[in-house]
Amino acid sequence: MFCIQILFVFLLLLFNNNDVYFQSEKLHGVNWQPDVSVYHIEDDKGEQAEIFAKKDNKGFLYWHRKLKTPVCLIGECKLIDIGIYWDLAGDFFGLEVYEEALTKTDHSEFTEKDYLRLIEILENDWSPLREYELSDLVEKPENGDPEVDGTSGATKKEIAAEAVVDAVYTTHTIWHLSHVGEKEQLVNLTINELNKDEELMTFLMQAPQIEHNSLFFLELFAKGELGQKDYLNSLVINSLGRDDKPKVKEVALKTLSKCNYSDNYFLQNIIDIYSGLPLTAKLQVLNEFKKVENLPEPLFLAIVHHLETQQEWYIIRVFEVMKNRDQYKDRLKGIASNLSHIDNPQLQSILSEYQKEI
């Protein structure tokens, strides 16, 4: 135990750069480039807080905020001096404590175990701490006078497991500073940086960097918040092949309407992928193809290939997607005529209206 304590003190001294008392593990060895940009976000009190865009020496984008904030409810307060880091997706990345150690109810300093527990809690984006205000954390003592980061009353049982022992206020304060409202604002700042920094975008779209952020980027592309279609094409092709990551694959399908179909390599890959999908998945893809203004002829041919052999509900959806595509009206009319034998009132109604319109 004594050796562990000596090691912990050594590590604190080793990373004690610019008065850094504690630094979480992910920050160890990170070499930062000069700050990229300075922005402001709104803190929990509605006030403007300064935040820095940073890049490490590899080129990854992060966000950093330094602040001093009191930890207390009523009575004695203690000022903590900390720095919080987030990755480009707005997720908590690391913590630094400056000048002096964090302390607990009895004014004892955080141990190595306490810091590790704190980081574990901060890495949980959906901690139950999200649901509680500071005033809700403890059972109020009869005299109603809680001390610094603790109380003369007991911490509520449902909160005790979600906080560093005897440090519920400190845990709650730092967790809320790291999570509540920050992520959404940081994502917007990331979007701004990506859309103005082509070099950064190019770097992040390359493997293996994209492996860690593919879902984040796909969601931004799906919402139309990133405009580089060439990057999107390669990302979508790679993501559609990720059977081991169904969520990534699902979101990739939703981005198809945003892709660049003049890219022949991309187009052929999409045709091959579409042809191998089950009908239920094809329906989802058709919803995206409907939004593509100029549907390429090879893709049109893949969609209508052997259409007469498909299930009726799928045929109905194909004709809904193809409606008003004048460049294919003659071929569509011929396909509609070949389907006139199918005894399905809904399909025949659609085909009848379809033939009138084209």
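Right above here is the structure, for reference.
Read on for an overview of the structure. (Residues numbered from 1 in each chain as written. Predicted model: local features only at pLDDT ≥ 70, side-chain atom pairs only at ≥ 80, totals over all residues. Heavy atoms only, no water.)

For the rest of this paragraph, the subject is the pairing of strand 3 (residues 48-55). Most of strand 3 is tucked away: six of the eight residues are buried. In the sheet, strand 2 (residues 37-42) pairs with strand 3 via six bridges, with the strands oriented antiparallel. Within strand 3, the residue paired with Tyr39 across the bridge is Ile51. Hairpin connection of strand 2 to strand 3: five residues between the antiparallel strands, including Gly46 at a positive phi of 80 degrees. Where strand 3 and strand 4 (residues 61-71) come together, four bridges link them in antiparallel fashion. Note that in strand 4 the partner of Lys54 across the bridge is Tyr62. The hairpin turn running from strand 3 into strand 4, its antiparallel successor, is five residues long, and Gly59 in that turn takes a positive phi close to 110 degrees. (Buried < 20%, exposed > 50% of the residue type's maximum accessible area, 1.4 Å probe, protein only. Helix = DSSP H or I, 4+ residues; strand = E, 2+ residues; numbered from the N terminus. Pairing = 2+ DSSP bridges.)

Within strand 5 (residues 78-87), seven of the ten residues are buried, which leaves it mostly tucked inside the rest of the structure. Here ten bridges tie strand 4 to strand 5, and the two strands are oriented antiparallel to one another. Counterpart to Trp63 in the pairing with strand 5 is Trp86. As consecutive antiparallel partners, strand 5 and strand 6 (residues 92-98) are separated by four residues, and within that stretch Gly90 has a phi angle of approximately 85 degrees, a positive value.

Considering all chains together, one arrives at twelve aromatic pairs under this definition. Ring centres of Tyr39 and Trp63 lie 5.7 Å apart, and the angle between their planes is 70 degrees; this geometry places the pair in the edge-to-face category. Placement of Tyr39 in strand 2 and of Trp63 in strand 4 is noted, with a sequence separation of 24 residues between them. Ring geometry for Phe300 against Tyr328: centres 4.0 Å apart, planes inclined by 5 degrees, an arrangement best described as stacked. Of this pair, Phe300 sits in helix 12 (residues 297-304) while Tyr328 is found in the loop between helix 13 (312-322) and helix 14 (329-338), placing the two residues 28 residues apart along the sequence. As far as the burial class goes, Phe300 and Tyr328 line up, both buried. Through a chain of ring-to-ring contacts, three or more aromatic side chains come together here, namely Trp32, Tyr62, Tyr85 and Phe93. (Phe/Tyr/Trp six-rings, centres within 6.5 Å; stacked < 30°, edge-to-face > 60°.)

So, about the layout of surface pockets. Counted as a void, the largest pocket has a volume near 430 Å³. Secondary structure elements with two or more residues in the lining of the largest pocket: strand 4 and helix 4 (168-179). No other element matches strand 4, which puts five residues into the lining of the largest pocket. Split by residue class, the lining of the largest pocket holds five nonpolar, four polar and seven charged. (1 Å grid on protein atoms, 1.4 Å probe; cavity = no way out; pocket = protein on both sides within 12 Å on 5 of 7 lines; lining within 4 Å. Points joined across faces, edges and corners; volume = space filled by probe spheres on them. Nonpolar A, V, L, I, M, F, W, Y, C, P; charged D, E, K, R; others polar.)

The strands making up a sheet associate through hydrogen bonds between their backbones, and the pairing can be parallel or antiparallel. The strand order across the open sheet formed by six strands is 1-6-5-4-3-2, and the pairing between neighbours is antiparallel. Among the strands making up the open sheet, the edge pair consists of strand 1 (20-23) and strand 2. Ignoring strand direction, the axes of neighbouring strands in this sheet form an average angle of 30 degrees. The sheet contact formed by strand 1 and strand 6 spans three bridges and is antiparallel. Paired with Val20 across the strands is Tyr98, a residue of strand 6. Together, strand 2, strand 3, strand 4 and strand 5 form the strand contacts of helix 5 (residues 182-196), whose direction differs from that of strand 2 by roughly 150 degrees. (Axes fitted to C-alpha atoms, helices over the stretch in contact; angles between N-to-C directions. Contact = heavy atoms within 4.5 Å.)

With 107 residues, the main nonpolar core has Leu95, Phe217, Leu256 and Phe289 as its most contacted residues. For this core, the leading source of residues is helix 13, giving seven residues. Not counting the four nearest positions on each side in its chain, Phe217 is found in contact with Leu194, Met201, Leu204, Met205, Ile210, Leu226 and Leu235. (Core = buried A, V, L, I, M, F, W, Y, C linked by side-chain atoms within 4.5 Å.)

Function cannot be inferred from these measures alone, as they are strictly geometric.
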